[in-house]
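Understanding the architecture of this molecule
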Amino acid sequence: MESKRTDTVQNPQSKAPASLGCPPGRRQFLNLTGALVGTAAGAKLLAAYGQSATVAVAAPAPRTPTGKLTVVTPGKVSVLDVQSANSVELNTHTYTRHILEALVNRDPVSLSIVPCLATEWQTPDPLTWVFTLRKGVKFHDGGDFTSADVKASLQRTMAQKGPVAPLFAAVDTIETPDAGTVRIRTKTPAGTLLSSLTLLRIGPADKIGTEGFFRKPIGTGPFVVTYWRPDDSLQLEANPNYWGPPPGVKNLVFRAIAEIAARVTALETGEIDLTYSLPPDQLPALRKNNELRVEAQKTFSFFVLWFNCSRKPLSDRRVRQAMWHALDIPTIVNDLFKDVGRPMTAPIPSTVFGYAQQTPYAYDPAKARQLLAEAGLASGFEPEVIWNPDSGPQDRELAQALFSYWSKVGVRVKSRDTERATWLQNLLALNFDADLQTNGVTTGDADFNLRRLYHSTAKRWGYVNTDLDKILDAAAATVDQQKRKDLYAQANKIIWDDAVGIYLLELSNNWISRKRVTGFTPPVDEMPSFTTVQVS
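1. Things to note about the overall build of the chain
When you go through the chain residue by residue, the secondary structure sums to 14 helices and 22 strands. Among the 536 residues that make up the chain, the fraction classed as buried is 58%. Contacts in the chain between residues at least 24 apart in sequence constitute 73% of all its contacts with a sequence separation of at least 6. As presented, the chain carries roughly 20800 Å² of accessible surface, and 49% of it is formed by carbon and sulfur atoms.

What follows is the structure in C-alpha coordinates.
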(Lines give C-alpha, C1' and ligand atoms only; values in the text may rest on other atoms or scores of the structure.)
Protein backbone atom coordinates (compact mmCIF):
# COMPACT_ATOMS: atom_id res chain seq x y z
CA MET A 1 0.00 0.00 0.00
CA GLU A 2 1.33 3.45 -0.85
CA SER A 3 1.84 6.00 1.91
CA LYS A 4 -1.00 8.40 2.49
CA ARG A 5 -0.82 12.11 3.21
CA THR A 6 -3.89 14.01 4.38
CA ASP A 7 -4.39 17.72 3.73
CA THR A 8 -7.35 19.52 5.26
CA VAL A 9 -8.79 22.55 3.45
CA GLN A 10 -11.51 24.65 5.04
CA ASN A 11 -14.37 25.55 2.70
CA PRO A 12 -15.36 29.21 3.15
CA GLN A 13 -18.84 28.56 1.79
CA SER A 14 -21.68 28.17 4.28
CA LYS A 15 -23.57 25.73 2.11
CA ALA A 16 -23.21 23.60 -0.99
CA PRO A 17 -23.99 25.10 -4.39
CA ALA A 18 -27.67 25.16 -5.32
CA SER A 19 -29.22 22.20 -7.07
CA LEU A 20 -26.71 19.56 -5.98
CA GLY A 21 -29.49 17.15 -5.07
CA CYS A 22 -27.59 15.89 -1.99
CA PRO A 23 -27.20 18.90 0.33
CA PRO A 24 -24.41 18.61 2.92
CA GLY A 25 -24.94 17.72 6.54
CA ARG A 26 -23.11 19.15 9.56
CA ARG A 27 -19.98 17.01 9.61
CA GLN A 28 -19.36 16.04 6.02
CA PHE A 29 -16.01 15.83 4.37
CA LEU A 30 -15.20 15.95 0.69
CA ASN A 31 -12.32 13.69 -0.30
CA LEU A 32 -10.66 15.59 -3.11
CA THR A 33 -9.27 12.37 -4.55
CA GLY A 34 -12.68 12.38 -6.23
CA ALA A 35 -12.38 15.79 -7.82
CA LEU A 36 -13.48 16.10 -11.40
CA VAL A 37 -11.43 13.89 -13.67
CA GLY A 38 -9.47 16.27 -15.85
CA THR A 39 -8.95 19.17 -13.44
CA ALA A 40 -5.41 19.95 -12.42
CA ALA A 41 -6.09 19.28 -8.75
CA GLY A 42 -8.02 16.13 -9.54
CA ALA A 43 -5.23 14.86 -11.75
CA LYS A 44 -2.62 15.32 -9.05
CA LEU A 45 -4.70 13.67 -6.39
CA LEU A 46 -5.82 10.76 -8.49
CA ALA A 47 -2.30 10.15 -9.71
CA ALA A 48 -1.19 9.88 -6.09
CA TYR A 49 -3.80 7.18 -5.37
CA GLY A 50 -3.87 7.20 -1.60
CA GLN A 51 -3.28 10.90 -1.12
CA SER A 52 -6.45 12.57 0.09
CA ALA A 53 -7.80 15.91 1.19
CA THR A 54 -10.96 16.88 3.01
CA VAL A 55 -13.19 19.93 2.98
CA ALA A 56 -15.43 20.67 5.95
CA VAL A 57 -18.86 22.01 4.95
CA ALA A 58 -21.24 23.74 7.34
CA ALA A 59 -24.91 22.74 7.44
CA PRO A 60 -27.37 25.16 5.83
CA ALA A 61 -30.15 26.65 7.92
CA PRO A 62 -33.26 24.44 8.18
CA ARG A 63 -36.37 25.33 6.20
CA THR A 64 -39.92 24.08 5.81
CA PRO A 65 -40.91 22.89 2.32
CA THR A 66 -43.74 25.03 0.97
CA GLY A 67 -45.52 25.47 -2.32
CA LYS A 68 -45.37 23.55 -5.58
CA LEU A 69 -42.89 23.56 -8.44
CA THR A 70 -44.10 22.31 -11.82
CA VAL A 71 -41.45 21.42 -14.40
CA VAL A 72 -41.75 20.28 -18.01
CA THR A 73 -38.75 18.34 -19.31
CA PRO A 74 -37.86 18.28 -23.03
CA GLY A 75 -39.15 14.75 -23.60
CA LYS A 76 -41.49 12.15 -22.20
CA VAL A 77 -40.43 9.51 -19.70
CA SER A 78 -41.95 6.07 -20.19
CA VAL A 79 -40.19 4.13 -17.41
CA LEU A 80 -38.38 5.04 -14.20
CA ASP A 81 -35.97 2.10 -14.25
CA VAL A 82 -32.73 4.03 -14.40
CA GLN A 83 -30.57 0.91 -14.14
CA SER A 84 -31.48 -0.80 -17.43
CA ALA A 85 -32.22 0.29 -21.01
CA ASN A 86 -32.92 3.88 -19.91
CA SER A 87 -29.80 4.19 -17.79
CA VAL A 88 -28.37 7.07 -19.85
CA GLU A 89 -31.64 8.89 -20.58
CA LEU A 90 -31.27 12.43 -19.24
CA ASN A 91 -34.97 12.93 -18.55
CA THR A 92 -35.17 9.63 -16.67
CA HIS A 93 -32.23 10.65 -14.50
CA THR A 94 -33.80 14.06 -13.87
CA TYR A 95 -36.98 12.40 -12.58
CA THR A 96 -35.32 9.68 -10.53
CA ARG A 97 -32.47 11.67 -8.95
CA HIS A 98 -35.07 13.26 -6.68
CA ILE A 99 -36.15 9.80 -5.46
CA LEU A 100 -33.07 7.57 -5.68
CA GLU A 101 -29.67 8.94 -4.75
CA ALA A 102 -26.10 8.10 -5.71
CA LEU A 103 -22.91 7.63 -3.73
CA VAL A 104 -21.53 10.82 -5.28
CA ASN A 105 -22.85 13.71 -7.33
CA ARG A 106 -21.40 16.32 -9.64
CA ASP A 107 -21.41 19.96 -8.60
CA PRO A 108 -23.40 21.82 -11.30
CA VAL A 109 -20.98 24.76 -11.34
CA SER A 110 -17.47 23.46 -10.65
CA LEU A 111 -18.21 19.98 -12.12
CA SER A 112 -16.22 18.43 -9.27
CA ILE A 113 -17.37 15.21 -7.63
CA VAL A 114 -19.07 15.83 -4.27
CA PRO A 115 -20.45 13.53 -1.54
CA CYS A 116 -23.99 12.22 -1.44
CA LEU A 117 -24.67 8.82 0.15
CA ALA A 118 -20.92 8.38 0.50
CA THR A 119 -19.25 10.93 2.76
CA GLU A 120 -15.69 9.87 2.05
CA TRP A 121 -13.67 7.68 -0.33
CA GLN A 122 -10.10 6.47 -0.53
CA THR A 123 -7.90 4.56 -2.95
CA PRO A 124 -5.44 2.61 -0.75
CA ASP A 125 -4.04 0.97 -3.88
CA PRO A 126 -4.66 1.34 -7.65
CA LEU A 127 -7.26 -1.47 -7.71
CA THR A 128 -9.26 -0.62 -4.61
CA TRP A 129 -11.86 2.05 -3.79
CA VAL A 130 -13.23 2.28 -0.25
CA PHE A 131 -16.40 4.30 0.39
CA THR A 132 -17.61 5.40 3.82
CA LEU A 133 -21.40 5.63 3.82
CA ARG A 134 -23.52 8.33 5.40
CA LYS A 135 -24.92 7.30 8.77
CA GLY A 136 -28.57 7.47 9.80
CA VAL A 137 -30.03 7.50 6.28
CA LYS A 138 -33.47 5.92 5.85
CA PHE A 139 -35.36 4.75 2.78
CA HIS A 140 -38.84 6.16 2.16
CA ASP A 141 -40.38 3.04 3.73
CA GLY A 142 -38.35 3.44 6.93
CA GLY A 143 -35.67 0.85 6.15
CA ASP A 144 -32.02 1.56 6.92
CA PHE A 145 -29.61 2.42 4.10
CA THR A 146 -26.58 0.11 4.24
CA SER A 147 -23.71 -1.18 2.15
CA ALA A 148 -25.90 -4.11 1.03
CA ASP A 149 -28.10 -1.65 -0.89
CA VAL A 150 -25.10 -0.23 -2.75
CA LYS A 151 -23.90 -3.70 -3.65
CA ALA A 152 -27.34 -4.86 -4.87
CA SER A 153 -27.88 -1.70 -6.93
CA LEU A 154 -24.48 -1.91 -8.62
CA GLN A 155 -24.88 -5.62 -9.27
CA ARG A 156 -28.30 -5.11 -10.83
CA THR A 157 -27.06 -2.23 -12.99
CA MET A 158 -24.24 -4.42 -14.30
CA ALA A 159 -26.52 -7.45 -14.81
CA GLN A 160 -29.12 -5.47 -16.76
CA LYS A 161 -26.50 -4.88 -19.47
CA GLY A 162 -28.04 -1.52 -20.32
CA PRO A 163 -26.13 1.40 -21.86
CA VAL A 164 -24.47 2.33 -18.56
CA ALA A 165 -23.29 -1.20 -17.68
CA PRO A 166 -20.02 -0.98 -19.69
CA LEU A 167 -18.89 1.86 -17.42
CA PHE A 168 -18.51 -0.72 -14.67
CA ALA A 169 -16.79 -3.39 -16.76
CA ALA A 170 -13.61 -3.04 -14.69
CA VAL A 171 -15.41 -3.91 -11.44
CA ASP A 172 -14.20 -7.23 -10.06
CA THR A 173 -15.77 -7.55 -6.63
CA ILE A 174 -18.07 -5.48 -4.42
CA GLU A 175 -17.37 -6.10 -0.76
CA THR A 176 -19.37 -5.01 2.30
CA PRO A 177 -17.10 -5.42 5.33
CA ASP A 178 -19.72 -3.67 7.47
CA ALA A 179 -23.00 -1.80 7.05
CA GLY A 180 -21.25 1.52 6.60
CA THR A 181 -18.44 0.57 4.23
CA VAL A 182 -18.29 -0.50 0.59
CA ARG A 183 -15.07 -1.76 -0.96
CA ILE A 184 -14.95 -1.97 -4.76
CA ARG A 185 -12.06 -3.89 -6.27
CA THR A 186 -11.33 -3.49 -9.96
CA LYS A 187 -9.56 -5.74 -12.45
CA THR A 188 -7.49 -2.82 -13.71
CA PRO A 189 -7.02 0.75 -12.41
CA ALA A 190 -10.27 2.63 -13.05
CA GLY A 191 -9.74 6.38 -13.30
CA THR A 192 -13.35 6.82 -14.39
CA LEU A 193 -15.08 5.04 -11.52
CA LEU A 194 -16.14 8.12 -9.57
CA SER A 195 -17.70 9.88 -12.55
CA SER A 196 -19.49 6.64 -13.49
CA LEU A 197 -20.88 6.29 -9.96
CA THR A 198 -22.77 9.57 -10.37
CA LEU A 199 -25.17 7.54 -12.54
CA LEU A 200 -25.69 4.70 -10.05
CA ARG A 201 -29.08 5.25 -8.36
CA ILE A 202 -29.41 3.21 -5.19
CA GLY A 203 -32.52 1.40 -3.92
CA PRO A 204 -33.18 -1.11 -1.13
CA ALA A 205 -31.43 -4.44 -1.70
CA ASP A 206 -34.51 -6.54 -0.89
CA LYS A 207 -36.83 -4.63 -3.24
CA ILE A 208 -34.94 -3.11 -6.15
CA GLY A 209 -35.03 -6.31 -8.22
CA THR A 210 -38.69 -7.10 -7.58
CA GLU A 211 -41.44 -6.85 -10.18
CA GLY A 212 -43.06 -3.42 -10.24
CA PHE A 213 -40.48 -1.68 -8.04
CA PHE A 214 -39.83 1.08 -10.57
CA ARG A 215 -43.54 1.84 -10.97
CA LYS A 216 -43.27 3.52 -7.55
CA PRO A 217 -39.59 3.43 -6.60
CA ILE A 218 -38.42 3.74 -3.01
CA GLY A 219 -35.21 5.62 -2.38
CA THR A 220 -33.41 7.79 0.14
CA GLY A 221 -34.01 10.99 -1.81
CA PRO A 222 -35.57 14.30 -0.81
CA PHE A 223 -38.90 13.44 -2.46
CA VAL A 224 -41.35 10.54 -2.28
CA VAL A 225 -43.45 9.32 -5.23
CA THR A 226 -47.19 9.97 -4.85
CA TYR A 227 -48.31 9.48 -8.46
CA TRP A 228 -46.74 8.21 -11.68
CA ARG A 229 -48.31 7.97 -15.10
CA PRO A 230 -45.85 7.05 -17.87
CA ASP A 231 -45.46 9.65 -20.64
CA ASP A 232 -47.66 12.03 -18.66
CA SER A 233 -46.64 13.09 -15.17
CA LEU A 234 -44.69 12.26 -12.02
CA GLN A 235 -45.86 13.81 -8.75
CA LEU A 236 -43.54 13.95 -5.76
CA GLU A 237 -43.89 15.13 -2.17
CA ALA A 238 -41.14 16.30 0.17
CA ASN A 239 -39.67 13.47 2.22
CA PRO A 240 -40.37 14.41 5.88
CA ASN A 241 -37.57 12.12 7.08
CA TYR A 242 -34.89 13.20 4.62
CA TRP A 243 -31.36 12.97 6.01
CA GLY A 244 -30.35 16.35 4.60
CA PRO A 245 -31.88 19.81 4.70
CA PRO A 246 -35.55 19.69 3.64
CA PRO A 247 -36.37 20.49 0.00
CA GLY A 248 -37.46 24.00 -0.86
CA VAL A 249 -40.92 22.97 -2.08
CA LYS A 250 -43.47 20.57 -0.64
CA ASN A 251 -44.62 19.28 -4.02
CA LEU A 252 -42.54 18.72 -7.15
CA VAL A 253 -44.42 17.86 -10.33
CA PHE A 254 -42.93 16.78 -13.65
CA ARG A 255 -45.23 17.01 -16.64
CA ALA A 256 -44.94 16.05 -20.29
CA ILE A 257 -46.11 18.61 -22.84
CA ALA A 258 -45.01 17.54 -26.30
CA GLU A 259 -46.18 20.56 -28.31
CA ILE A 260 -43.77 23.48 -28.11
CA ALA A 261 -46.53 26.09 -28.43
CA ALA A 262 -48.50 24.50 -25.59
CA ARG A 263 -45.37 24.36 -23.41
CA VAL A 264 -44.60 28.04 -24.01
CA THR A 265 -48.21 29.04 -23.31
CA ALA A 266 -48.20 27.06 -20.07
CA LEU A 267 -45.05 28.88 -19.00
CA GLU A 268 -46.36 32.33 -19.92
CA THR A 269 -49.67 31.81 -18.12
CA GLY A 270 -48.03 30.42 -14.98
CA GLU A 271 -49.46 26.93 -15.39
CA ILE A 272 -45.89 25.64 -15.13
CA ASP A 273 -42.88 27.18 -13.43
CA LEU A 274 -39.88 26.02 -15.44
CA THR A 275 -38.92 24.33 -18.67
CA TYR A 276 -35.84 24.02 -20.83
CA SER A 277 -34.46 23.05 -24.24
CA LEU A 278 -36.91 25.16 -26.19
CA PRO A 279 -36.22 25.82 -29.90
CA PRO A 280 -34.08 28.93 -30.33
CA ASP A 281 -36.76 30.73 -32.34
CA GLN A 282 -38.89 30.87 -29.16
CA LEU A 283 -36.33 32.72 -27.06
CA PRO A 284 -36.55 36.33 -28.33
CA ALA A 285 -40.19 36.70 -27.32
CA LEU A 286 -39.63 34.99 -23.97
CA ARG A 287 -36.76 37.33 -23.14
CA LYS A 288 -39.18 40.27 -23.48
CA ASN A 289 -41.54 38.81 -20.89
CA ASN A 290 -40.87 40.57 -17.58
CA GLU A 291 -42.23 37.64 -15.59
CA LEU A 292 -39.75 35.16 -17.05
CA ARG A 293 -36.04 34.50 -16.61
CA VAL A 294 -34.07 33.07 -19.56
CA GLU A 295 -30.67 31.52 -18.81
CA ALA A 296 -28.15 29.72 -21.01
CA GLN A 297 -25.57 27.07 -20.16
CA LYS A 298 -23.06 25.04 -22.14
CA THR A 299 -23.75 21.32 -22.05
CA PHE A 300 -22.33 17.86 -22.65
CA SER A 301 -24.96 17.32 -25.38
CA PHE A 302 -24.73 17.23 -29.15
CA PHE A 303 -26.52 16.27 -32.35
CA VAL A 304 -25.07 13.31 -34.21
CA LEU A 305 -25.92 11.04 -37.11
CA TRP A 306 -24.44 7.61 -36.44
CA PHE A 307 -23.94 4.99 -39.13
CA ASN A 308 -24.49 1.27 -38.91
CA CYS A 309 -20.99 0.40 -40.07
CA SER A 310 -21.86 -3.28 -40.41
CA ARG A 311 -24.36 -2.67 -43.23
CA LYS A 312 -23.39 -2.21 -46.83
CA PRO A 313 -22.72 0.25 -48.35
CA LEU A 314 -22.13 2.17 -45.09
CA SER A 315 -19.50 -0.39 -44.11
CA ASP A 316 -17.32 1.47 -46.64
CA ARG A 317 -15.66 4.46 -44.99
CA ARG A 318 -15.72 6.37 -48.27
CA VAL A 319 -19.53 6.33 -48.29
CA ARG A 320 -19.69 7.69 -44.76
CA GLN A 321 -17.17 10.41 -45.56
CA ALA A 322 -19.10 11.27 -48.72
CA MET A 323 -22.26 11.90 -46.73
CA TRP A 324 -20.31 14.21 -44.43
CA HIS A 325 -18.76 16.20 -47.30
CA ALA A 326 -22.27 16.62 -48.74
CA LEU A 327 -23.34 18.75 -45.76
CA ASP A 328 -22.79 22.46 -45.20
CA ILE A 329 -22.84 22.14 -41.43
CA PRO A 330 -21.87 25.76 -40.56
CA THR A 331 -24.78 27.06 -42.63
CA ILE A 332 -27.21 24.54 -41.10
CA VAL A 333 -26.12 25.49 -37.59
CA ASN A 334 -26.34 29.20 -38.28
CA ASP A 335 -29.80 28.89 -39.83
CA LEU A 336 -31.36 26.58 -37.25
CA PHE A 337 -29.32 26.83 -34.05
CA LYS A 338 -28.06 30.38 -33.79
CA ASP A 339 -27.06 31.16 -30.18
CA VAL A 340 -27.71 27.56 -29.02
CA GLY A 341 -25.29 25.48 -31.08
CA ARG A 342 -21.96 25.44 -32.83
CA PRO A 343 -20.38 22.96 -35.26
CA MET A 344 -18.56 20.09 -33.60
CA THR A 345 -14.84 19.63 -34.04
CA ALA A 346 -14.53 16.22 -32.38
CA PRO A 347 -16.71 13.18 -31.63
CA ILE A 348 -17.42 14.66 -28.19
CA PRO A 349 -18.25 18.25 -27.15
CA SER A 350 -15.54 20.71 -26.18
CA THR A 351 -16.91 20.78 -22.60
CA VAL A 352 -15.90 17.17 -21.99
CA PHE A 353 -12.66 15.90 -20.48
CA GLY A 354 -10.75 14.14 -23.28
CA TYR A 355 -11.89 16.45 -26.09
CA ALA A 356 -9.29 16.98 -28.84
CA GLN A 357 -9.98 19.30 -31.76
CA GLN A 358 -10.05 17.77 -35.26
CA THR A 359 -10.04 19.21 -38.78
CA PRO A 360 -13.63 19.78 -39.95
CA TYR A 361 -14.92 18.01 -43.06
CA ALA A 362 -15.27 20.68 -45.75
CA TYR A 363 -18.57 21.15 -47.55
CA ASP A 364 -17.64 19.72 -50.95
CA PRO A 365 -20.46 18.13 -53.01
CA ALA A 366 -18.04 17.29 -55.82
CA LYS A 367 -15.82 15.32 -53.44
CA ALA A 368 -18.91 13.61 -52.02
CA ARG A 369 -19.93 12.42 -55.50
CA GLN A 370 -16.35 11.32 -56.22
CA LEU A 371 -16.19 9.22 -53.05
CA LEU A 372 -19.57 7.65 -53.80
CA ALA A 373 -18.42 6.80 -57.32
CA GLU A 374 -15.21 5.24 -55.98
CA ALA A 375 -17.37 3.08 -53.72
CA GLY A 376 -19.44 1.94 -56.71
CA LEU A 377 -22.38 4.24 -55.98
CA ALA A 378 -22.19 6.74 -58.81
CA SER A 379 -25.99 6.68 -59.01
CA GLY A 380 -26.33 7.15 -55.27
CA PHE A 381 -28.24 4.93 -52.85
CA GLU A 382 -31.23 4.92 -50.48
CA PRO A 383 -30.29 4.63 -46.78
CA GLU A 384 -32.92 4.33 -44.07
CA VAL A 385 -32.55 6.87 -41.27
CA ILE A 386 -34.26 6.30 -37.93
CA TRP A 387 -35.01 9.13 -35.51
CA ASN A 388 -37.35 10.03 -32.66
CA PRO A 389 -39.13 13.36 -33.28
CA ASP A 390 -39.00 16.00 -30.54
CA SER A 391 -35.95 14.43 -28.88
CA GLY A 392 -33.95 17.62 -29.45
CA PRO A 393 -34.46 21.26 -30.48
CA GLN A 394 -35.34 21.81 -34.13
CA ASP A 395 -34.77 18.12 -34.84
CA ARG A 396 -37.44 17.96 -37.53
CA GLU A 397 -35.99 20.96 -39.33
CA LEU A 398 -32.50 19.51 -38.95
CA ALA A 399 -33.58 16.19 -40.44
CA GLN A 400 -35.18 17.94 -43.41
CA ALA A 401 -32.03 19.99 -44.01
CA LEU A 402 -29.79 16.91 -43.94
CA PHE A 403 -32.05 14.96 -46.29
CA SER A 404 -32.17 17.90 -48.71
CA TYR A 405 -28.38 18.25 -48.86
CA TRP A 406 -27.92 14.51 -49.38
CA SER A 407 -30.46 14.38 -52.19
CA LYS A 408 -28.23 16.75 -54.17
CA VAL A 409 -25.49 14.10 -54.33
CA GLY A 410 -27.80 11.16 -55.01
CA VAL A 411 -28.37 9.97 -51.43
CA ARG A 412 -32.14 9.51 -51.25
CA VAL A 413 -33.12 9.04 -47.61
CA LYS A 414 -35.96 6.86 -46.41
CA SER A 415 -36.99 8.63 -43.23
CA ARG A 416 -38.30 6.40 -40.44
CA ASP A 417 -39.44 8.51 -37.50
CA THR A 418 -41.01 6.54 -34.64
CA GLU A 419 -42.06 6.97 -31.03
CA ARG A 420 -39.22 6.68 -28.54
CA ALA A 421 -39.68 3.09 -27.34
CA THR A 422 -39.65 1.73 -30.91
CA TRP A 423 -36.73 3.95 -31.88
CA LEU A 424 -34.69 2.75 -28.89
CA GLN A 425 -35.48 -0.88 -29.67
CA ASN A 426 -34.32 -0.48 -33.29
CA LEU A 427 -31.24 1.42 -32.15
CA LEU A 428 -30.04 -1.24 -29.73
CA ALA A 429 -30.82 -4.02 -32.25
CA LEU A 430 -28.79 -2.24 -34.99
CA ASN A 431 -31.93 -2.19 -37.10
CA PHE A 432 -31.04 0.91 -39.11
CA ASP A 433 -28.69 2.33 -41.73
CA ALA A 434 -28.22 5.62 -39.94
CA ASP A 435 -29.55 7.10 -36.73
CA LEU A 436 -30.17 10.81 -36.09
CA GLN A 437 -30.33 11.82 -32.44
CA THR A 438 -29.14 14.03 -29.65
CA ASN A 439 -26.64 12.44 -27.31
CA GLY A 440 -24.77 13.47 -24.21
CA VAL A 441 -21.54 12.61 -22.43
CA THR A 442 -23.48 12.21 -19.22
CA THR A 443 -20.54 11.81 -16.84
CA GLY A 444 -18.49 14.59 -18.47
CA ASP A 445 -15.67 12.13 -19.15
CA ALA A 446 -14.75 10.93 -22.65
CA ASP A 447 -14.81 7.34 -21.46
CA PHE A 448 -18.58 7.52 -21.13
CA ASN A 449 -19.04 7.85 -24.88
CA LEU A 450 -15.85 6.68 -26.51
CA ARG A 451 -15.35 3.32 -24.79
CA ARG A 452 -19.03 2.67 -24.12
CA LEU A 453 -20.05 3.29 -27.74
CA TYR A 454 -17.00 2.63 -29.94
CA HIS A 455 -15.20 -0.29 -28.33
CA SER A 456 -15.64 -3.47 -30.37
CA THR A 457 -17.12 -5.29 -27.37
CA ALA A 458 -19.86 -2.65 -27.10
CA LYS A 459 -21.34 -3.85 -30.41
CA ARG A 460 -22.72 -0.40 -31.15
CA TRP A 461 -22.81 1.05 -34.67
CA GLY A 462 -21.39 -2.20 -36.07
CA TYR A 463 -17.95 -0.63 -35.79
CA VAL A 464 -14.85 -2.70 -35.05
CA ASN A 465 -11.35 -1.26 -34.69
CA THR A 466 -8.91 -3.21 -32.55
CA ASP A 467 -6.36 -0.40 -32.52
CA LEU A 468 -9.00 1.90 -31.08
CA ASP A 469 -9.95 -0.77 -28.53
CA LYS A 470 -6.39 -0.83 -27.17
CA ILE A 471 -6.30 2.95 -26.85
CA LEU A 472 -9.65 3.11 -25.06
CA ASP A 473 -8.72 0.28 -22.71
CA ALA A 474 -5.45 1.98 -21.84
CA ALA A 475 -7.19 5.31 -21.18
CA ALA A 476 -9.68 3.68 -18.82
CA ALA A 477 -6.99 1.71 -17.01
CA THR A 478 -4.85 4.63 -15.86
CA VAL A 479 -5.44 7.37 -13.32
CA ASP A 480 -2.73 9.53 -14.89
CA GLN A 481 -4.97 12.25 -16.30
CA GLN A 482 -2.48 13.69 -18.76
CA LYS A 483 -1.89 10.21 -20.16
CA ARG A 484 -5.65 9.75 -20.48
CA LYS A 485 -5.95 13.04 -22.38
CA ASP A 486 -3.19 12.00 -24.78
CA LEU A 487 -4.85 8.65 -25.41
CA TYR A 488 -8.25 10.23 -25.96
CA ALA A 489 -6.70 12.61 -28.46
CA GLN A 490 -5.69 9.55 -30.51
CA ALA A 491 -9.17 8.07 -30.11
CA ASN A 492 -10.84 11.31 -31.22
CA LYS A 493 -8.82 11.31 -34.42
CA ILE A 494 -9.52 7.67 -35.31
CA ILE A 495 -13.27 8.00 -34.82
CA TRP A 496 -13.41 11.32 -36.66
CA ASP A 497 -11.33 10.16 -39.63
CA ASP A 498 -13.27 6.89 -39.90
CA ALA A 499 -16.54 8.88 -39.93
CA VAL A 500 -18.29 6.42 -37.61
CA GLY A 501 -20.85 9.18 -37.41
CA ILE A 502 -21.38 12.71 -38.60
CA TYR A 503 -20.84 14.93 -35.57
CA LEU A 504 -23.11 17.84 -36.32
CA LEU A 505 -23.21 20.37 -33.50
CA GLU A 506 -22.70 20.72 -29.79
CA LEU A 507 -25.56 22.33 -27.91
CA SER A 508 -26.02 25.02 -25.34
CA ASN A 509 -29.20 24.73 -23.37
CA ASN A 510 -31.75 27.34 -22.44
CA TRP A 511 -33.55 27.34 -19.11
CA ILE A 512 -36.71 29.42 -18.77
CA SER A 513 -38.45 29.93 -15.45
CA ARG A 514 -40.98 32.18 -13.79
CA LYS A 515 -39.23 34.82 -11.70
CA ARG A 516 -40.99 33.45 -8.64
CA VAL A 517 -38.59 30.50 -8.89
CA THR A 518 -35.34 30.98 -6.94
CA GLY A 519 -32.37 28.83 -5.97
CA PHE A 520 -31.93 27.04 -9.29
CA THR A 521 -28.57 26.52 -11.00
CA PRO A 522 -28.62 25.28 -14.62
CA PRO A 523 -26.33 22.23 -14.82
CA VAL A 524 -23.90 21.45 -17.61
CA ASP A 525 -24.92 17.77 -17.49
CA GLU A 526 -28.61 18.67 -18.13
CA MET A 527 -29.84 16.52 -15.25
CA PRO A 528 -31.18 19.29 -13.02
CA SER A 529 -31.87 18.92 -9.33
CA PHE A 530 -34.72 20.98 -7.94
CA THR A 531 -34.10 20.09 -4.30
CA THR A 532 -32.97 23.57 -3.26
CA VAL A 533 -35.45 25.46 -5.45
CA GLN A 534 -38.12 27.60 -3.85
CA VAL A 535 -41.26 29.17 -5.28
CA SER A 536 -42.48 32.44 -3.84
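2. Re unusual backbone geometry
Peptide bonds are, in most cases, trans, and in most cases residues other than glycine have a negative phi. The residue after Lys312, namely Pro313, is reached through a cis peptide bond having omega 0 degrees. The phi torsion at Asp231 lies on the positive side, around 65 degrees, for a residue other than glycine. Under the relative-accessibility criterion, Asp231 is labelled partly exposed at 34%. Residue Glu526 is not a glycine yet carries a positive backbone phi of 60 degrees. Mapped onto the fold, Glu526 is located in the loop between strand S21 (517-518) and strand S22 (534-535).

3. Re the side chain of Ser195
Note on placement: Ser195 falls in helix H4 (residues 193-197). With residues near it in sequence (within four places) discarded, Ser195 still touches Arg106, Ile113, Thr443 and Asp445.

4. Digging into the sheet that holds strand S10 (residues 181-186)
Ordered by their spatial adjacency, 4 strands build an open sheet running S7-S8-S10-S9, and the pairing between neighbours is antiparallel. Edge positions in the open sheet fall to strand S7 (118-125) and strand S9 (171-178), since each of these has one partner strand only. Neighbour-to-neighbour, the strand axes of this sheet turn through a mean angle of 20 degrees, independent of strand direction. For S9 and S10, the ladder comprises 5 bridges, and the chain directions are antiparallel. The residue bridging Val171 from the neighbouring strand is Thr186, located in S10. Lying on the sheet, helix H3 (residues 147-160) is in contact with strand S8 (128-133), S9 and S10; it crosses S9 at an angle near 165 degrees.

Reading the values: rules and limits
Residues numbered from 1 in each chain as written. Predicted model: local features only at pLDDT ≥ 70, side-chain atom pairs only at ≥ 80, totals over all residues. Heavy atoms only, no water. Helix = DSSP H or I, 4+ residues; strand = E, 2+ residues; numbered from the N terminus. Buried < 20%, exposed > 50% of the residue type's maximum accessible area, 1.4 Å probe, protein only. Contact = heavy atoms within 4.5 Å. Areas by Shrake-Rupley, 256 points an atom, 1.4 Å probe, with all protein chains shown as cover. Pairing = 2+ DSSP bridges. Axes fitted to C-alpha atoms, helices over the stretch in contact; angles between N-to-C directions.

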